[in-house]
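Spelled out, the chains give:
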Amino acid sequence: MRLDDSLPAVREWKLSDIEASECPVRDVLDRVGDKWSVLIVSYLSEGPQRFSALAREVPDISKRMLTETLRNLERDGLLIRTVFPTKPPSVTYELTPVGHELMTVLIPLIRWADTRHSTIRTAREAYDDAQDVVPVKVAYAGAA
């Protein structure tokens, strides 16, 4: 699909009279665009995973945030949580068909990000240098 082919659909979406809080694009992109969901979905695309395996794959995520992200992905129908009746109980997470469908959309984005990462970092550095960025001290109540 060429970009020009998708422009009428984008224009139609932008011109629709949808209340911002009801916008399906914002609603879905809020989940997909958060810090952890894409990483977790990409790891689950390789097959069912246990919580501890996901925590090892994303070492900088807290257990609380991993739990919250998994719950949100389950709530959105992107993954299934399966509890096995063992002692202690064993839990696995795996993508639903909708989660796998999302992964097919994410693969080009992941490839693009990987390919363009150095270009973007260079642009950031050039921008910051041009702005002569100086950390701003923020005063707050109770500060000495």
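Scroll up to find the structure.
What counts and what doesn't
Residues numbered from 1 in each chain as written. Predicted model: local features only at pLDDT ≥ 70, side-chain atom pairs only at ≥ 80, totals over all residues. Heavy atoms only, no water. Helix = DSSP H or I, 4+ residues; strand = E, 2+ residues; numbered from the N terminus. Buried < 20%, exposed > 50% of the residue type's maximum accessible area, 1.4 Å probe, protein only. Contact = heavy atoms within 4.5 Å. Pairing = 2+ DSSP bridges. Salt bridge = Lys/Arg side-chain N within 4 Å of Asp/Glu carboxyl O. Core = buried A, V, L, I, M, F, W, Y, C linked by side-chain atoms within 4.5 Å. Bend = angle between axes of the 7 residues up to and from the residue.

Asks: What is the right way to read the overall build of the protein from this model?
Replies: Each helix and strand counted, the protein has six helices and three strands in total. Written out in order from the N terminus, the α and β elements of the protein read α-α-α-β-α-α-β-β-α. Every one of the 144 residues in the protein was classed for burial, and the buried ones make up 22%. The contacts of the protein with a sequence gap of at least 6 include a subset with a gap of at least 24, amounting to 46%.

Asks: What is the right way to read the environment of W36 from this model?
Replies: Residue placement: W36 occurs in the loop between helix 2 (24–32) and helix 3 (37–44). Sequence-wise, W36 and M65 are 29 residues apart; in three dimensions their C-alpha atoms are separated by 8.5 Å. In contact with W36, not counting residues within four places along its chain, are V58, D60, I61, M65 and T69.

Asks: What is the right way to read the sheet that holds strand 2 (residues 79–84) from this model?
Replies: Two modes of strand pairing occur in sheets, parallel and antiparallel, and in both the strands are linked by backbone hydrogen bonds. Pairing within the open sheet is antiparallel, and its three strands lie in the order 1-3-2. Edge positions in the open sheet fall to strand 1 (49–50) and strand 2, since each of these has one partner strand only.

Asks: Help me understand the pairing of strand 2 in this model?
Replies: A regular strand places its side chains so that they alternate between the two faces of the sheet. Examined bridge by bridge, strand 2 and strand 3 (residues 90–95) share six bridges and lie antiparallel to one another. Looking at strand 3, one finds that F84 is bridged to S90. In sequence, strand 2 turns back onto strand 3 through a hairpin of five residues.

Asks: Sorry if this is basic, but what is going on with the pattern of salt bridges here?
Replies: It is possible for side chains of opposite charge to pair when their charged atoms get near one another. Applying the stated rule across the entire model yields three salt bridges. In this structure, the salt-bridge partner of E68 is R64, at a minimum N-O distance of 3.8 Å. With E68 and R64 both in helix 5 (residues 63–75) and four residues apart, this pair spans about one turn of that helix. Given the relative accessible area of 35%, E68 is considered partly exposed. Through salt bridges that share partners, R31, D34 and D76 make up one connected network.

Asks: Mind showing me how you'd approach the nonpolar core here?
Replies: Buried together is how nonpolar side chains tend to be arranged in soluble globular proteins. One finds I40, V41, L44, L70 and Y93 to be the most contacted residues of the largest nonpolar core, which totals 19 residues. Looking at this core, the elements that each hand over two or more residues are helix 3, helix 5, strand 3 and helix 6 (97–131). Excluding anything up to four places from it in sequence, I40 contacts I61, L66, T69, L70 and L73.

Asks: I would appreciate a short explanation of helix 6 in the present structure.
Replies: Three or four residues apart is the spacing at which side chains of an α-helix point the same way, because the helix has 3.6 residues per turn. Largest kink in helix 6: about 55°, centred on R116. Burial in helix 6 covers these residues: G99, L102, M103 and L106. Buried-residue contacts for helix 6 involve helix 2, helix 3 and strand 3.

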